[in-house]
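Commentary on secondary and tertiary structure
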Amino acid sequence: MDVGALAEATPDSRNRVVDFLRALAILVVAFGHWTAAAVVVRDGSLVPDQILNLATWTHPLTWVIQVMPVFFMVGGYANALSWRSARRRGEGYAAWLRSRLRRLGTPVIPLLIVWLAIASIAYAAGVPGGTLRTASQVALVPTWFLAAYVMVVALAPAALALWERLGWWAVAGFLLLGGLVDLVSIRTGSDLAGFPNYVIVFGAVHMIGFAWLDGRLHGIRIRLLLAAIGAVGTVLLLWLGPYPVSMVGLDNATFNNSFPTRVTLGFLGLLQGGLLLALEPVLERWLRRPKPWRFTILVNARIMTLYLWHLTAMVLVIGVSLALGGFGLHSEPLSRAWWATRPLWWAVLAAVTIGCIAVFGRFESPAKDERPAPPAWLAVLACVAMCAGLGVMAMFGIVDRDGVNWWWPLVPIAGLTLTGMIPLGRGRTGSSSSLGAGRAG
């Protein structure tokens, strides 16, 4: 991949800030996960934890590092642009959704196959099922939000039509509906009742991307107003409701903002989106420089692989450390020695992640699909199978007390391949030129 050539070929009309914010969000996710991990080896045993559980002063910082709303906002811009382009070409919903599923689903297949192999071999070798369950749960956390994003993408054409008809009232309606879902979930004590908010709340933030694309957020005043509404809404929810300060889930907490997604993340998305878009003119000028734009292209070219594999890289590093007697993991979390070793920790994890990208990044460039469009129901079925399988694994891993549940990872794989969304043998033949200057979705 010639990053320099891609940078030079970038049309002047391209919104570079979209690509930059997408790259920034994923990098924050990766470094946030790596930093939050507070693992230590005591008396030869691994004690896993996260700094959010150990230090309450870190909770307000999650308003910055919880960037999934940013990713959905950027996705809204890109998906609206992509769907409108498809309509102009005369491309129907099924063909468009198949294209989205191929880009999002193809990179996840090798991750699932690798973890199925790791779990099966390790369990047969005598590694306790509880250990493998924890390891697979941690490694497959990214698939949870991918499942939510795929559902939002599948509904994007309908949401865009709603936006075109109702405008900001559609955003307000989604947030209100998200609040009602929270009310039912909280009153009944059912997390399952709150699961629709993965689509509803993130769908509201997704519409902010529609507004951005359509020029409905033109000018710094309206962008700062959007941020102010988000800030006031978030603070009021924390003050009047049961919502915690931390926007990232806490282990053993009775109530979380992110599991399931709560309406607080919707208002946080307004706050983050308004502030970031207020910086758009500055960012646009900066991204006209060769170096930052080339870096943006480089990250976007393998952004899904980075997102999917960065926690697997961390699990592998921890596993190697345990095999070496806990080498590098003896410092108590949050101690001076622990903080002093963070740069090395980040460097090692980044190196291993880059290695994973070198091996598996090719799956992120699927060949252009020239086949006739599939039936719409088949594309929707593939979407449902993918999301169901990924959701279950993100919650439970792929190992339980009875052994390896090999069928869980096979559900999304079968859903994507047997429906023909990803034709076998053609998932990795795309050329680097298809990447463009950071894909628009």
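Residues numbered from 1 in each chain as written. Predicted model: local features only at pLDDT ≥ 70, side-chain atom pairs only at ≥ 80, totals over all residues. Heavy atoms only, no water.

1. Thoughts on the overall build of the protein
On a plain count of helices and strands, the protein comes out with 21 helices and four strands. Overall, the C-alpha framework of the protein stretches about 60 × 55 × 50 Å when taken along its three principal axes. The buried share of the protein, reckoned over its 441 residues, is 54%. Counting only contacts in the protein whose residues sit at least 6 apart along the sequence, the fraction spanning at least 24 positions is 82%. (Helix = DSSP H or I, 4+ residues; strand = E, 2+ residues; numbered from the N terminus. Buried < 20%, exposed > 50% of the residue type's maximum accessible area, 1.4 Å probe, protein only. Contact = heavy atoms within 4.5 Å.)

2. Let's talk about the pattern of salt bridges
Evaluated as defined, the whole model comprises twelve salt bridges. Notably, a salt bridge pairs D19 with R22, separated by 3.2 Å at the nearest N-O pair. Remark: R22 and D19 occur in helix 2 (residues 16-36); sequence separation between them is three residues, near one turn of the helix. You'll find D19 and R22 in the same group, each marked buried. (Salt bridge = Lys/Arg side-chain N within 4 Å of Asp/Glu carboxyl O.)

3. Overview of the packing of aromatic side chains
With the rule as written, the count across this model stands at 22 aromatic pairs. Plain terms: the ring middles of W83 and W96 are 5.4 Å apart, the flat faces sit at 65 degrees to each other, and that makes the pair edge-to-face. Here W96 lies in helix 6 (residues 93-105) and W83 lies in helix 5 (residues 68-88), a separation of 13 residues in the sequence. For the pair formed by W83 and W96, the shared burial category is buried. Among the aromatic residues, those joined into a ring-pair cluster are F71, F72, W144, F145, Y149, F195, Y198, F202 and F259. (Phe/Tyr/Trp six-rings, centres within 6.5 Å; stacked < 30°, edge-to-face > 60°.)

4. Observations regarding the packing of helix 17 (residues 303-323) against helix 19 (residues 342-360)
Between helix 17 and helix 19, the shortest axis-to-axis distance is 8 Å and the interhelical angle comes to 125 degrees. When the interaxial angle is binned, helix 17 and helix 19 end up oblique. In this structure, the crossing between helix 17 and helix 19 has a hand that is right-handed. Contact with helix 17, carried on its side by T305, L306, W309, H310, A313, M314, V317 and I318, involves W345, V348, L349, V352, T353, C356, I357 and F360 of helix 19 and no other residues of that element. Residue classes in the contact of helix 17 with helix 19 are distributed as 13 nonpolar, three polar and no charged. (Axes fitted to C-alpha atoms, helices over the stretch in contact; angles between N-to-C directions. Parallel < 35°, antiparallel > 145°, perpendicular 65-115°, else oblique. Left-handed = near helix turned anticlockwise from the far one by under 90°. Nonpolar A, V, L, I, M, F, W, Y, C, P; charged D, E, K, R; others polar.)

5. Here's the deal with helix 8 (residues 129-139)
The complete set of buried residues in helix 8 reads G129, L132, A135, S136 and A139. Along the axis of helix 8, the buried positions cluster into a sector of 125 degrees, meaning they face one direction only. Looking at the buried positions of helix 8, the neighbouring elements they touch are helix 7 (108-124), helix 9 (142-154), helix 17 and strand 3 (399-400). (Arc of directions from axis to C-beta.)

6. Some points on the environment of A30
Residue position: A30 is located in helix 2. For the pair formed by A30 and T353, sequence separation is 323 residues and the distance between their alpha carbons is 9.8 Å.

7. Some details on helix 21 (residues 407-417)
Along helix 21, the positions that sit buried rather than exposed are W408, P409, P412, I413, G415, L416 and T417. Buried residues belonging to helix 21 abut helix 6, helix 7 and helix 20 (376-396).

8. Regarding the nonpolar core
Core analysis: the largest hydrophobic core is formed by 112 residues, its most contacted members being L21, L101, L146 and W212. L21 has contacts with V70, M73, V74, W212, L276 and L283, leaving out every residue within four places of it along the chain. (Core = buried A, V, L, I, M, F, W, Y, C linked by side-chain atoms within 4.5 Å.)

9. A short note on the confidence of the model for the protein
Taken as a whole, the protein shows an average pLDDT of 89; of its residues, 96% reach a score of 70 or greater. For the protein, helix 1 (residues 3-8) is the element with the lowest average pLDDT, namely 79, and helix 14 (residues 263-278) is the one with the highest, namely 97. Confidence over residues 426-441 falls short of pLDDT 50; this stretch has 57 contacts with residues more than four positions distant or in other chains. (pLDDT = per-residue confidence, 0-100.)

10. Some thoughts on the environment of N405
Along the chain, N405 falls in the loop between strand 4 (403-404) and helix 21. C-alpha separation for the pair N405 and S120, spaced 285 residues apart in sequence, amounts to 9.2 Å.

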